[in-house]
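Okay, here's what each chain looks like letter by letter:
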Amino acid sequence: RGIYANDPARGYVSAYDDNAPSWANLAERWWSYFAERPWLSGGFVWTGFDYRGEPTPYSWPCINSHFGILDTCGFPKDNFYYYQSWWTTNVVLHLLPHWNWPGKEGQEIDVRALSNCEEVELFVNGQSQGKQAMKRNSELKWRPKYAPGVLSAQGFNGGKVVAEVKIETTAEPAAIQLMPNRATLAADGKDASIITVAVTDSQGRVVPVAGNKIHFELSGPGKILGVGNGDPSCHEPDQFIATSPFHTKPVADWHWKRVPDVNGNLPEIGEAFDDANWAGANINSDSGPLEGEAKAVFRAKINLTDEDLKARSIQVNFGMIDEDGFIYVNGQKAGESHNWQDPASVDVKRFLRPGTNTIAVAVANWNGAGGLNKGAALQFEEAAAPLDWQRSVFNGLAQIIIQSAHEPGEIKLTASGEGLKTSVVKLMTTAASPP
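These numbers come from a predicted model, not from an experiment. (Residues numbered from 1 in each chain as written. Predicted model: local features only at pLDDT ≥ 70, side-chain atom pairs only at ≥ 80, totals over all residues. Heavy atoms only, no water.)

S.K.: Sorry if this is basic, but what is going on with helix H2 (residues 79-87) here?
M.R.: Count 3.6 residues to each turn of an α-helix, and residues three or four apart come out pointing the same way. For H2, the full list of buried residues reads Asn79, Tyr82, Tyr83, Ser85 and Trp86. The arc that holds every buried residue of H2, seen down its axis, measures 155°, which confines them to one face. Where H2 is buried, its residues contact helix H1 (27-35) and strand E2 (111-115). (Buried < 20%, exposed > 50% of the residue type's maximum accessible area, 1.4 Å probe, protein only. Helix = DSSP H or I, 4+ residues; strand = E, 2+ residues; numbered from the N terminus. Arc of directions from axis to C-beta. Contact = heavy atoms within 4.5 Å.)

Structural data, given as structure tokens:
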């Protein structure tokens, strides 16, 4: 989209209808063939959208196919208007390319009109470049000399102007525009708005060669699902995932005692139970100390500070509980484990307090050697650093998708970029209707 010369080094195919892989045809060629034969039902366009994988005609580092009618964001390429001309009854007049060609003043530019008008006349800065009759299912071509200003065209049916279009040479990037496809969302945690991000000049015209990087900030009852720009050679992430720093404290000095059962009201799991006479337990071993059909309670204490408890979440992690385990913190049941092959992890922050804390695990082993094994530790997860959602525009455009949360209210999206006027858009989430 917006590329008008093949560029293998950068991984771009021209948007002119001049390129097709060996197993396919140009849009005009295949459609003209079928349109002239009413006894044929039609053809197959591969594809409606560009898609990830199968980069064609260039391989990696390209990341997607190039021959969709729309790019991966759903932005139309120029050939979109060719199909619209001959597949709809709309009056269509579309010019390509853009008219930003610094350094090419006085050089010929390949200009084309995609239209279903009977005739089209082209102008450069108001001077006619000639009127041409449109052959059905075709396109029109001119080669005017480039001069900054206005490239325009008029479409005629029956000798009367029925369509006009103009493309202007823009100034430098100056601002950001945010254009949501929907401004009101249901507060159901599912509804979404697709927002077009455009870099414009000081007059509000999209700069067709802009590649500025845009940063996004979101507040209110919603979240960012992803960003994109339709660039088949862009390796910027579509999603930014929060990573939270964490640290651990080993839970050591374990003791254990056999019990007849792990169900019911075991006094051994109580916070104040005296386990001073219990045997020491090496829970860092790979197996044991229980034989088949044996049951036991394992206990340990750990001291925590007020600073420890400021963590966003605190989990107790066990390398292995073999086989069934029931986990208690300060006498309160915190969780269970029933798969000896996987480590066990339980969120225990709500059960903890400053000072001494007791962790008890009632274990039932059924076959072979089992018990509490491969170590235990508390994991303290800190608050994640704010995400810097960002995306470079590709030939002036990018996209961001916002999803509602479950609360009604106002979502505020702010977009900023170096040297660009910041833009803000507000979306409203309303209470979802009951099913």
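S.K.: Looking at this model, I keep getting lost on the pattern of salt bridges. Mind explaining?
M.R.: Pairing is possible between side chains of opposite charge, provided their charged atoms come close. Applying the stated criterion across every chain yields a total of 22 salt bridges. With a closest N to O distance of 3.1 Å, arginine 258 and glutamate 291 form a salt bridge. Of the two residues, arginine 258 is situated in strand E14 (residues 254-258) and glutamate 291 in the loop between strand E15 (279-281) and strand E16 (294-304); the sequence distance between them amounts to 33 residues. Look at the salt bridges and you will find they share partners, linking Asp18, Asp110, Arg112 and Glu139 into a network. (Salt bridge = Lys/Arg side-chain N within 4 Å of Asp/Glu carboxyl O.)

S.K.: Help me understand the pairing of E2, please; the structure alone is not making it clear to me.
M.R.: Looking down a regular strand, the side chains alternate between one sheet face and the other. Counting buried residues in E2 gives five out of five residues, a clear majority hidden from the surface. Burial along E2 is two-sided: the face carrying Val111, Ala113 and Ser115 and the face carrying Arg112 and Leu114 are both buried. Two elements, strand E1 (residues 93-96) and E2, share four bridges in a ladder whose sense is antiparallel. Residue pairing in the sheet places leucine 96 in a bridge with arginine 112 of E2. (Pairing = 2+ DSSP bridges.)

S.K.: I'm lost on the environment of glutamine 390 in this one. Help?
M.R.: Inspection of the secondary structure puts glutamine 390 in strand E23 (residues 389-392). Its relative accessible area of 16% is what places glutamine 390 among the buried residues. On a C-alpha basis, the gap between glutamine 390 and asparagine 265 in space is 54 Å, while along the polypeptide they are 125 residues apart. Every residue in contact with glutamine 390, bar those within four places of it in the chain, is listed here: Lys213, Ile214, His215, Phe216, Val227 and Phe240.

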